[in-house]
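Tertiary structure, described
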Amino acid sequence: MELKVLNKGHQPLPAYATVQSAGMDLRANLDAPVTLKPMERRLIPTGLHIALPAGYEAQVRPRSGLALKKGITVLNSPGTIDADYRGEVGVLLINLSQEEFVVNDGERIAQMVIAKHETACFVEVDVLDETERGEGGYGHTGTR
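Criteria and thresholds
Residues numbered from 1 in each chain as written. Predicted model: local features only at pLDDT ≥ 70, side-chain atom pairs only at ≥ 80, totals over all residues. Heavy atoms only, no water. Salt bridge = Lys/Arg side-chain N within 4 Å of Asp/Glu carboxyl O. Helix = DSSP H or I, 4+ residues; strand = E, 2+ residues; numbered from the N terminus. Buried < 20%, exposed > 50% of the residue type's maximum accessible area, 1.4 Å probe, protein only. Contact = heavy atoms within 4.5 Å. Core = buried A, V, L, I, M, F, W, Y, C linked by side-chain atoms within 4.5 Å.

Some remarks on the pattern of salt bridges
All chains considered together, the criterion is met by three salt bridges. Among the salt bridges present, the one from Arg63 reaches Asp25, with a minimum N-O distance of 3.3 Å. Remark: Asp25 occurs in strand 2 (residues 23–27) and Arg63 occurs in the loop between strand 5 (56–61) and helix 1 (64–70); sequence separation between them is 38 residues. For Arg42, the salt bridge identified is with Glu40, shortest N-O distance 3.9 Å. The exposure class of Arg42 is partly exposed, given its relative accessible area of 36%. Linked through salt bridges whose partners overlap, the residues forming this network are Asp25, Arg63 and Arg108.

Structure below.
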């Protein structure tokens, strides 16, 4: 699939690290470092604008290494970029650690996964079909 990208920043385009990688790294596109204090959240620019085909979305997800080692994650994970959005791709980072974290220009801050999706057409009904689980809520299936 071809993905049209307008790079208004100064970082290289995202790329897959290996042949079977699902996500490609997004880099911070900054004029100056950004310090995230504990529990602080900030929208970090990437400089990228994309045009996805209809029926696809881009999902912005945390980088596992940043989450494990530094407590930095994507707040609205996964963040969805819709096919009709043409604004800059931003990454909403939050610092869940007890220490300040400095985001530097060019730092890999998240990963982006391109995914196909369906568009649902809701049909209102009077009753739903019965299932073994029924209306069992959170944790209901793990009781045995």
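Next comes the rest of the account.
Considering the side chain of His49
The residue His49 is located in strand 4 (residues 41–51) in this model. Filtering out sequence-adjacent residues up to four positions away, His49 remains in contact with Lys4, Val5, Leu6, Lys8, Arg86, Gly87 and Glu88.

A closer look at the nonpolar core
With 26 residues, the main nonpolar core has Ile44, Ile81, Val91, Leu93, Val103, Ile109 and Met112 as its most contacted residues. Those elements that provide at least two residues to this core are strand 2, strand 3 (34–36), strand 4, strand 5, strand 6 (72–74), strand 8 (88–95), strand 9 (101–103) and strand 10 (108–116). Residues in contact with Ile44, not counting those within four places in the same chain, are Ala28, Leu30, Val34, Val89, Gly90, Val91, Leu93, Val103 and Ile109.

Keep in mind these numbers describe shape, not what the thing actually does.
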